[in-house]
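Chain residues, written in single-letter form:
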Amino acid sequence: MLQLQVLRTRAEWVKERLAVKRFQKMELVDQVVQLDDQRRRLQAEFDQQQSQVNTWSKEIGQLMAKGERDAAEEKKQAVAALKAGLDPLKKQLQETDAQLQDILLQLPNLPAAEVPEGKTPEENVVVRTGGTIPELAEGCLPHWDLASKYGLIDFEIGNKVTGSGFPFYRGKGAKLQRALIQYFLDFNTASGYEEFLPPYLVNADSGFGTGQLPDKEGQMYFMPEDGYYLIPTAEVPVTNVYRDVLLKSTDLPIKMTAYSPCFRREAGSYGKDVRGLNRLHQFEKVEIIQLVRPENSHQVLDEMVAHVEKLVQSLELPYRILRLCGGDMGFASAITYDFEIYSTAQQRWLEVSSVSNFESFQANRMKCRFKDEEGKTQFVHSLNGSSLALPRIVAGILENHQTVDGIKVPAVLQSYMGMATIQ
RNA sequence: GGUGAGGUGGAUGAGUGGCUGAAAUCAACGGUUUGCUAAACCGUCGUACGUCCUUAAAGAUGUACCGAGGGUUCGAAUCCCUCCCUCACCGCCA
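Residues numbered from 1 in each chain as written. Chains lettered and ligands numbered in written order. Predicted model: local features only at pLDDT ≥ 70, side-chain atom pairs only at ≥ 80, totals over all residues. Heavy atoms only, no water.

Let's talk about the pairing of strand β11 (residues 319-323)
Note the following rule: For every residue, the accessible area obtained with a 1.4 Å probe (protein chains only) is divided by the maximum for its type, and the residue is called buried under 20%, exposed over 50%, and partly exposed between those limits. Secondary structure counts use DSSP, requiring at least four H or I residues in a row for a helix and at least two E residues in a row for a strand, with both numbered from the N terminus. Strand pairing is assigned whenever DSSP identifies at least 2 bridges connecting the two strands.
Counting buried positions along β11 yields 4 of 5 residues, so the element is predominantly enclosed. Pairing geometry for strand β1 (residues 125-130) and β11, over 5 bridges, is antiparallel. When the bridges of β11 are listed, Val 126 appears paired with Leu 322. Pairing analysis gives 5 bridges linking β11 to strand β12 (residues 335-343), with the strands arranged antiparallel. In the strand pairing of β12, Ile 321 is matched with Phe 339.

This is the structure:
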């Protein structure tokens, strides 16, 4: 959620920034400013009258104590008259405030200054590439064929037991999942991230805090009996650890990492994009999250990008890093870097990580603040990134490390896998 | 799922209709004392949204908040209703 203060004082600038994100409903900005103005007027009036009511109520108490019943009765009537006018005013104030909140929730975060213009994924900017795309032998296979050749993943059984997008991993495939999760967590904790294992169901307040709700509930699985949502990423439960918390400045930065399965309905996805591991309803992911002082967040974002880059490099995969353009960025993000690895057999890039700085957008929704040295409370900045998402990493490992003798296991994974080659 | 007891400020915990935004203790912060540490003493010590004042900071002031939402009352932390949560015991169970 954008800070009202910014909207109030810099409405035109906000519109310029939102234009970079290709935001359509620009009139909402003016509505916020207008509703805010109205709310303040109403509150001033309400406060003043309520104050009078409170004063008189106290006086009634004093009159009663002195036994001056008639004078008290007289005052009671005066209060009653005043309150008759106060109720509609209170209602109006509440309605205005509700409208204001409703519109505030519809405004996406403002893109940072270095976010490139653009509308579609094609306009994202490649900031770096790394690794080398291997020359594969004749007859190389896409990962779904490799997965069945070596008995690693069973899509058909998943289909029967649950539905499409819910594969079974088995044998060395299952072990590879476990190895990757453990390697990623070890890598992250070695950099000072505290490990969490969160609940996989969250309540609506948490979905609201990180920005999935109210608009994107269609992307999450929902349990109506209990009012819980299956998490689409560990970001949701872990970031919400600090919902409604007032931190000390010495508590920052807070660095957290968590493995969790991720559940996504992916309504509206279809076609070749969903083949094999490219797009699933349930997948494994390890996430890193930081809560930091506002002045540090841009530097921390760079550090997190560098952290993820080292991880991708260690898996010996060809990759590139994109800075997302305004039109391709998420609702809550101020700036996002995507990591993609090259799927050599499919000859396309697959997103394996997305690292974002949300600045105060989530913190404002979550009311996560800290007291600075001057004793002023301000919102923290929140950041997160995948480190890493498993399925496409697995696809990349299978395709890029395939040989006639089997799949070469990257050196960093061999001790976790207990083997150098998957045969 | 059943029964019972509870949810008060960073923590413990008092408070059954007005003088309680809330005692007391602890923690925290600032200071005095001190060779250092400790102790002692003095002071400060909730949040949100407004208004006034100010270039701003500071300051003054109003309203709201004692799990959430409603209700009774001139007046509610305190009484009533609904919901949520926690704890204990029972049932069930990885």
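Quick notes on the sheet that holds strand β6 (residues 222-223)
In spatial order, the strands read β5-β7-β6; together these 3 strands make up an open sheet with antiparallel pairing. Either end of the sheet is taken by a strand with one partner, and the two such strands are β5 (201-202) and β6. The sheet contact formed by β5 and strand β7 (residues 228-230) spans 2 bridges and is antiparallel. When the sheet's bridge partners are listed, Val 202 is paired in β7 with Tyr 229.

A look at the side chain of Arg 320
Under the convention used in this document: Pairs of N or O atoms within 3.5 Å make up the polar contacts considered here, provided that, within protein, one atom can donate a hydrogen while the other can accept it, and that residues adjacent in sequence are counted only when both atoms are side-chain atoms.
Along the chain, the position of Arg 320 falls in strand β11. Looking at Arg 320, its side chain comes within polar contact range of the side chain of Glu 340, at 2.8 Å.

Structural notes on the pairing of strand β14 (residues 368-371)
Regular strands show a simple pattern: their side chains alternate between the two faces of the sheet. Across the two faces of β14 the burial differs, with Cys 368 and Phe 370 buried and Arg 369 and Lys 371 not buried at all. Note that strand β8 (residues 245-248) and β14 share 4 bridges and pair parallel. Bridging across to β14, Lys 248 finds its partner in Lys 371. Adjacent in sequence and paired antiparallel, β14 and strand β15 (residues 377-379) are bridged by 5 residues, among which Gly 375 carries a positive phi angle near 85°.

Some remarks on the domain arrangement of chain A
Accessible area lost when the parts come together is the quantity often used to give the size of an interface. Put simply, the rule is: Boundaries between domains were set according to an automatic or database domain assignment. Only heavy atoms matter for contacts: two residues are in contact if any of them lie within 4.5 Å across the pair. Buried area: the accessible area, evaluated with a 1.4 Å probe, that two parts lose upon being put together, summed over both parts. For this analysis, a salt bridge means a side-chain nitrogen from Lys or Arg found within 4 Å of a carboxyl oxygen belonging to Asp or Glu.
Entries for chain A in the domain assignment read domain 1 (4-106) and domain 2 (121-422). Domain 1 and domain 2 are separated by 43 Å when their C-alpha centres are compared. The interface of domain 1 with domain 2 comprises 5 residues on the first partner and 10 residues on the second. In total, domain 1 and domain 2 occlude about 570 Å² of area from one another, counting both sides; carbon and sulfur atoms represent 56% of this. For the domain 1 face of the interface with domain 2, the top three residues by lost area are Lys 21, Leu 105 and Gln 106, together amounting to 81%. Our count for the contact surface shared by domain 1 and domain 2 stands at 0 salt bridges.

Quick word on the packing of helix α3 (residues 27-66) against helix α4 (residues 69-106)
In plain terms, the rule: Between the N-to-C directions of two axes lies an angle of 0 to 180 degrees, each axis being a line fitted to C-alpha atoms and, for a helix, fitted only over the stretch in contact. Here the word oblique covers every angle except those under 35 degrees (roughly parallel), over 145 (roughly antiparallel) and from 65 to 115 (roughly perpendicular). For any pair of crossing helices, the crossing counts as left-handed if the nearer helix is rotated counterclockwise from the farther one by less than a right angle, and right-handed if it is rotated clockwise. Each residue is assigned to one class: nonpolar for Ala, Val, Leu, Ile, Met, Phe, Trp, Tyr, Cys and Pro, charged for Asp, Glu, Lys and Arg, and polar for all the others, Gly among them.
At a minimum axis distance of 8 Å, the contact between α3 and α4 shows a crossing angle of 155°. Comparing their axes, α4 and α3 come out roughly antiparallel. Relative to α4, α3 is oriented so that their crossing is left-handed. Counted by class, the contact of α3 with α4 contains 21 nonpolar, 10 polar and 9 charged residues.

Observations regarding empty space enclosed by the protein
Stated formally: Space inside and on the surface of the protein is sampled on a 1 Å grid over the protein atoms alone, with a cavity defined as a set of points where a 1.4 Å probe fits but cannot get out and a pocket as an open set with protein on both sides within 12 Å along at least 5 of 7 lines; lining residues have an atom within 4 Å of a point. Grid points are joined across faces, edges and corners, and a volume is the space filled by probe spheres set on the points.
Inspection of the entire model under this criterion finds 1 cavity of 30 Å³ or more. Approximately 30 Å³ is the volume attributed to the largest cavity. Surrounding the largest cavity, Leu 152, Ile 153, Tyr 169, Gly 173, Leu 176, Gln 177, Val 394 and Leu 398 form its lining. Looking at the lining of the largest cavity, the elements that each hand over two or more residues are α7 (172-190) and α12 (390-400). A total of 3 residues in the lining of the largest cavity trace back to one element, the largest contributor, which is α7. The class makeup of the residues in the lining of the largest cavity is 6 nonpolar, 2 polar and no charged.

A short note on the packing of aromatic side chains
Which entries qualify depends on this criterion: For Phe, Tyr and Trp, where Trp contributes only its six-membered ring, two rings pair if their centres lie within 6.5 Å, and the inter-plane angle classes them as stacked under 30 degrees, edge-to-face over 60, or tilted in between. Counted as over-ring charges are cases with an Arg CZ or a Lys NZ within 6 Å of the ring centre that also lie within 35 degrees of the ring normal.
Tallied over the entire structure, the rule returns 7 aromatic pairs. Its guanidinium or amino end placed over the ring of Phe 331, Lys 216 lies 4.3 Å from that ring's centre, counting from NZ or CZ. Lying across the ring of Tyr 193, Lys 255 places its NZ or CZ 4.7 Å from the centre.

Quick look at the environment of Ile 254
With respect to the helices and strands, Ile 254 occurs in strand β9 (residues 254-263). Along the backbone, Ile 254 and Val 292 are 38 residues apart, and their C-alpha atoms lie at a distance of 6.6 Å. Ile 254 has contacts with Tyr 242, Leu 247, Ile 289, Gln 290 and Leu 291, leaving out every residue within four places of it along the chain.

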